[in-house]
Amino acid sequence: MKQSDLFFKTYKKISEEEEAKNSQFLIRAGFIEKVGAGIYNFLPLGLIVIEKIKKIIREELNRISCQEVLLANLHPQEFWQKSGRLKKFDVLFTVRGQRDNQYVLAPTHEEIIFPLVKKNINSYKDLPVALYQINTKYRDELRAKSGLLRNREFIMKDLYSFHTDEKDLERFKKLMDKTYLKIFKRCGLKAIPTLASGGTFSEFSTEFQVITEAGEDIIYHCPNCKYAFNKEIIDEKNNKCQKCFNNLIENKSIEVGNTFNLGTKFSEIFDVFYLDKNNQKKYIWAGCYGIGITRLLGAIVEVNSDEKGIIWPKEVSPFLVHLIKLNYSDSKINKKLRLIADRVYLTLKNNNIEVLFDDRENVSNGQKFIESDLIGLPYQIIVGEHSHSENLEIRSRLIKKIHKLKLNNLIKWFNSLNN
RNA sequence: CGGGGUGUGGCCUAACGGAUUAAGGCGCUUGGUUUGGGACCAAGAGAUUGUGGGUUCGAAUCCCACCACCCCGACCA
């Protein structure tokens with residue numbers, strides 16, 4: 001992608017009201033734009049990151065035989081009346097249609113997927129099954145805050161699994177927990193599985209918490225045996241690990257995902273059952289598993305940045321390389337450098353290395369450097385007076401190093417990074 | 001939802017009852033000089049000061065209502 005074609009603008013200054021680091025950097029670097037409290041537009045750069053996160057999630061979920069669907073977001077109100085959550089769920093957005101029909105804007109999808117599963121599953125032979133979607137959620141938070149961490153409209157991956165019995169559900173939940181750790185790791189995050197309250201559905205759930213000062217949650221975790229739990233589930237102050245009796249560490253953290261055992265609660269409400277081998281009617285056991293994708297994006301930026309800007313983890317970076325051609329008044333030098341930069345650009349592109357090419361003329365070199373650091377791609381290749389095709393300068397804030405390379409060796413060098 | 005605060009060109013700010021035609025910086029347009037860390041000079045374009053009402057000879061400025069946004073708390077399947 002040539003930067004001269006990219007729809008984006010960086011900002012030196014944005015409102016002091018925008019306090020959260022994640023939205024500050026993402027707005028300043030031209031990834032997102034704020035529409036209202038807890039409502040954001042995703043610009044080309046931001047959307048690329050979102051799509052990369054989705055890709056990772058899809059790869060890992062499809063690998064364990066989960067199937068993707070896309071569920072309705074406009075829910076006829078009777079579905080919510082039936083589940084009893086119309087009154088209980090206090091962040092519901094509701095809309096009225098032209099003929100006075102009432103809808104709920106989806107804050108979650110149990111009310112939709114359980115009726116769907118009822119129609120399609122009749123026998124123990126149909127189970128287990130795991131369906132997921134990546135979709136927008138609406139929650140009328142009284143206080144949206146912290147940039148992308150707590151929004152009124154946000155993108156979420158929600159997965160629902162259906163089983164013949166609790167044992168199979170537990171088996172699957174463990175598999176999901178493992179898969180979640182893989183997903184977060186690929187996103188550049190260290191997530192801690194944390195025992196938490198199960199809300200109204202079950203006694204406990206597993207939350208995946210990323211430690212950062214920007215977080216709203218408080219967790220206690222053991223540095224020795226990795227046992228961790230959310231502050232919400234402890235009654236009395238207890239500083240010792242219940243497993244190995246080490247001192248627990250207290251940290252603020254962001255919940256980027258969770259896994260729940262729903263039991264048969266919704267199956268009973270929506271009468272979702274199957275026939276077992278003995279022709280007996282049994283309620284289906286279900287689990288639900290969420291990852292807040294836009295929140296995850298916020299968490300990635302909170303954790304991966306320095307004073308200059310974002311430092312993207314490789315797999316979710318909008319591009320791997322920022323190719324920067326510097327400008328000079330001497331048109332001869334300028335022309336020569338442009339030729340070199342074009343060659344580097346094509347070489348990278350032809351070898352499937354994702355590159356953003358800052359080809360802009362009439363932009364000062366200082367501005368190019370500062371904007372590049374703000375955007376924060378893992379590698380910068382600088383084509384300037386001191387660097388030419390036999391002496392390319394490669395920088396990385398990710399590994400804090402400067403390399404000098406010949407164009408001929410460039411692809412080999414990048415390929416060696418993956419090993 | 002309780003408490004506190006803020007709304008001024010696209011963005012960030014100043015002016016806080018009368019100094020002029022609402023000022024400056026960023027960004028934008030045109031021309032010129034620059035270019036290894038958000039360059040400089042010159043000339044431009046761009047605002048019914050969140051909305052509605054009120055007080056006053058006079059309101060961006062004071063008062064009321066509404067709306068929006070921010071912070072603290074509560075809430076958070």
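Sequence order as written defines the numbering, with residues in each chain counted from 1. Labels follow written order: the first chain is A, the first ligand is 1, and so on. At least 70 in pLDDT is required for a residue's local features to be given in this predicted model, at least 80 for side-chain atom pairs to be given and counted, and no such filter applies to totals for whole chains, interfaces and linings, which use all residues. Computation of side-chain values: all heavy atoms of the structure, hydrogens and water removed.

A. Examining the overall build of chain A more closely. In terms of helices and strands, chain A carries 11 helices and 21 strands. Reported as C-alpha extents along the three principal axes, the dimensions of chain A are approximately 85 × 60 × 45 Å. Here chain A holds 419 residues, and 53% of them are scored as buried. Throughout, a contact is declared for two residues whenever any of their heavy atoms are within 4.5 Å. Considering only contacts within chain A whose residues lie at least 6 apart along the sequence, 67% involve residues at least 24 apart. Carbon and sulfur atoms form 49% of the exposed surface of chain A, whose accessible area is close to 20800 Å². Each helix is a run of DSSP H or I of at least 4 residues and each strand a run of E of at least 2, with the numbering of both proceeding from the N terminus. Only protein chains enter the accessibility calculation, which uses a 1.4 Å probe. A residue is then buried if its area is under 20% of the maximum for its type, exposed if over 50%, and partly exposed in between. Method for areas: the Shrake-Rupley scheme with a 1.4 Å probe, in which residue coverage is limited to the protein chains shown.

B. Seen up close, the nonpolar core. With 54 residues, the main nonpolar core has Phe-31, Ile-53 and Trp-312 as its most contacted residues. With 7 residues, the top contributor of residues to this core is helix α2 (residues 44-63). As annotated, the domain borders come from an automatic or database domain assignment. Lining this core are residues from two domains, each supplying at least three of them: domain 1 (3-212 + 251-306) and domain 2 (321-416). The residues touching Ile-53, leaving out its near neighbours within four places in the chain, are Cys-187, Ile-293, Leu-296, Leu-297, Ile-300 and Val-316. Joining through side-chain atoms within 4.5 Å is the link that ties buried Ala, Val, Leu, Ile, Met, Phe, Trp, Tyr and Cys residues into a set, and such a set is a nonpolar core. Formed by 27 residues, the second largest nonpolar core is a distinct cluster that contains Leu-323, Tyr-328, Ile-353 and Ile-381.

C. The arrangement of the protein's contact with RNA strand B in detail. Close to RNA strand B lie 46 residues, the nearest being Arg-143, Phe-260, Asn-365, Asp-373 and Arg-395. When the atoms of RNA strand B within 4 Å of the protein are sorted by group, sugar and phosphate make up 42%. Under this definition, polar contacts are N or O atom pairs within 3.5 Å; protein pairs additionally need one hydrogen-donor-capable and one acceptor-capable atom, and for neighbouring residues in sequence, both atoms have to be side-chain atoms. Residue Tyr-328 places a side-chain N or O atom 3.1 Å away from a base nitrogen belonging to RNA strand B. With 8 residues, helix α10 (residues 365-375) is the largest single contributor of residues to the surface near RNA strand B. All residues other than Ala, Val, Leu, Ile, Met, Phe, Trp, Tyr, Cys, Pro, Asp, Glu, Lys and Arg, Gly among them, are scored as polar; the first ten of these are nonpolar and the last four charged. Among the residues making up the surface near RNA strand B, the classes are represented as 16 nonpolar, 12 polar and 18 charged. Throughout this document, a residue counts as near a molecule or strand when at least one of its heavy atoms sits within 4 Å of that molecule or strand.

D. Examining the packing of α2 against helix α8 (residues 293-303) more closely. Angular values range over 0 to 180 degrees, each being the angle between N-to-C directions of two axes fitted as lines to C-alpha atoms, with helices fitted over their stretch in contact. Two elements in contact, α2 and α8, have axes separated by 10 Å at closest approach and are oriented at 110°. When the axes of α2 and α8 are compared, the pair comes out roughly perpendicular. α2 and α8 meet at a crossing whose hand is right-handed. For the pair α2 and α8, the contacting residues are Val-49, Ile-50, Ile-53, Lys-54 and Ile-57 in the first and Ile-293, Thr-294, Leu-296, Leu-297 and Ile-300 in the second. Broken down by class, the residue content of the contact of α2 with α8 amounts to 8 nonpolar, 1 polar and 1 charged. In these notes the angle categories are as follows: under 35 degrees is roughly parallel, over 145 is roughly antiparallel, 65 to 115 is roughly perpendicular, and the rest is oblique. Should the near helix be turned anticlockwise from the far one by less than a right angle, the crossing is termed left-handed; should it be turned clockwise, right-handed.

E. View of the packing of aromatic side chains. Side-chain rings of Phe, Tyr and Trp, where Trp is taken by its six-membered ring, are said to pair if the distance between their centres is within 6.5 Å; with planes under 30 degrees apart they count as stacked, over 60 as edge-to-face, and otherwise as tilted. For the structure on display, the rule yields 14 aromatic pairs. An angle of 85° between the planes, with centres 5.7 Å apart, marks the rings of Tyr-379 and Trp-413 as edge-to-face. In this pair, Tyr-379 sits in strand β19 (residues 379-383) while Trp-413 sits in helix α11 (residues 407-417), placing the two residues 34 residues apart along the sequence. Just as Tyr-379 is buried, Trp-413 falls in that class too.

F. Focus on the sheet that holds strand β5 (residues 93-96). Only strands joined by at least two bridges in the DSSP assignment are considered to pair. Strand order in the open sheet formed by 3 strands is β4-β6-β5, with antiparallel pairing between adjacent strands. The sheet is open, and its two edges are formed by β4 (74-76) and β5, each paired on a single side. The sheet shows a mean angle of 40° between the axes of neighbouring strands, taken without regard to direction. The sheet contact formed by β4 and strand β6 (residues 102-105) spans 3 bridges and is antiparallel. From the neighbouring strand, His-75 faces β6, where its bridge partner is Val-104.

G. Structural view of the environment of Ala-191. With respect to the helices, strands and loops of the structure, Ala-191 is situated in strand β9 (residues 191-197). Ala-191 sits in the buried class, given a relative accessible area of 10%. Remark: the alpha-carbon pair of Ala-191 and Gln-280, spanning 89 residues in sequence, is separated by 42 Å. Once residues lying within four places of it in the same chain are set aside, the contact partners of Ala-191 are Leu-181, Phe-184, Phe-208, Gln-209 and Val-210.

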